[in-house]
Amino acid sequence: MNMVTSIISFLKITKKKVIMTLIFPLAAVLILFSGFILDEIFRLGGTTIVNAIYSSGNYFFLFIFLPLTFIDADYALSIVFKIALVVTVIWWYILSCISVFLLEKRWKR
């Protein structure tokens, strides 16, 4: 019974978790966009630091959109793509639950 209540409290919808859920895709897009800005606008492309930033941003982007990386949009059925979109939003919420849990655990120390 204690395990069930802890899981329910872990997944409980709060303002903080909803805000974190919205921040994840925004952060992923901004990191990729920063690589584009460094490469195209500031002409820093080809340097090791910019390539590392862009590569880590790309990995972060793929991690945030993990359920969508398994779907090929050209060949997937419409319903499969819609299910993947819903699963992606659920993935973001799970990531925000984990982030909030780790932040609260850190502050309790």
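Residues numbered from 1 in each chain as written. Predicted model: local features only at pLDDT ≥ 70, side-chain atom pairs only at ≥ 80, totals over all residues. Heavy atoms only, no water.

J.: In this structure, what is going on with the pattern of salt bridges? I would like to understand it.
T.: Where charged atoms of side chains with opposite charge meet at close range, the side chains can pair. In total, this model carries one salt bridge according to the counting rule given. A salt bridge links lysine 16 to glutamate 104, with the shortest nitrogen-to-oxygen separation between them at 4.0 Å. Of this pair, lysine 16 sits in helix 2 (residues 15-41) while glutamate 104 is found in helix 5 (residues 78-108), placing the two residues 88 residues apart along the sequence. According to the relative accessible area criterion, lysine 16 is partly exposed, its value standing at 48%. (Salt bridge = Lys/Arg side-chain N within 4 Å of Asp/Glu carboxyl O. Helix = DSSP H or I, 4+ residues; strand = E, 2+ residues; numbered from the N terminus. Buried < 20%, exposed > 50% of the residue type's maximum accessible area, 1.4 Å probe, protein only.)

J.: When you look at the packing of aromatic side chains in this model, what are you seeing that I'm missing?
T.: How two aromatic rings sit relative to each other is given by the distance of their centres and the angle of their planes. Enumeration over the complete set of coordinates arrives at four aromatic pairs. Their ring planes at 75° and their centres at 5.4 Å tell us that phenylalanine 63 and tryptophan 91 sit as a pair that is edge-to-face. Here phenylalanine 63 is found in helix 3 (residues 48-64), whereas its partner tryptophan 91 is found in helix 5, with 28 residues between them in sequence. A centroid spacing of 5.5 Å and a plane angle of 80° characterise the contact between phenylalanine 65 and tryptophan 92, whose relative ring orientation is edge-to-face. (Phe/Tyr/Trp six-rings, centres within 6.5 Å; stacked < 30°, edge-to-face > 60°.)

J.: How should the side chain of serine 96 be read in this particular structure?
T.: Within the element layout of this structure, serine 96 appears in helix 5. Reaching out from serine 96, the side chain makes a polar contact with the backbone oxygen of lysine 17 at a distance of 3.3 Å. Once you skip the residues sitting within four places of it in the chain, serine 96 turns out to touch Lys17, Met20, Thr21 and Phe24. (Polar contact = N/O pair within 3.5 Å; in protein donor to acceptor, adjacent residues only side chain to side chain. Contact = heavy atoms within 4.5 Å.)

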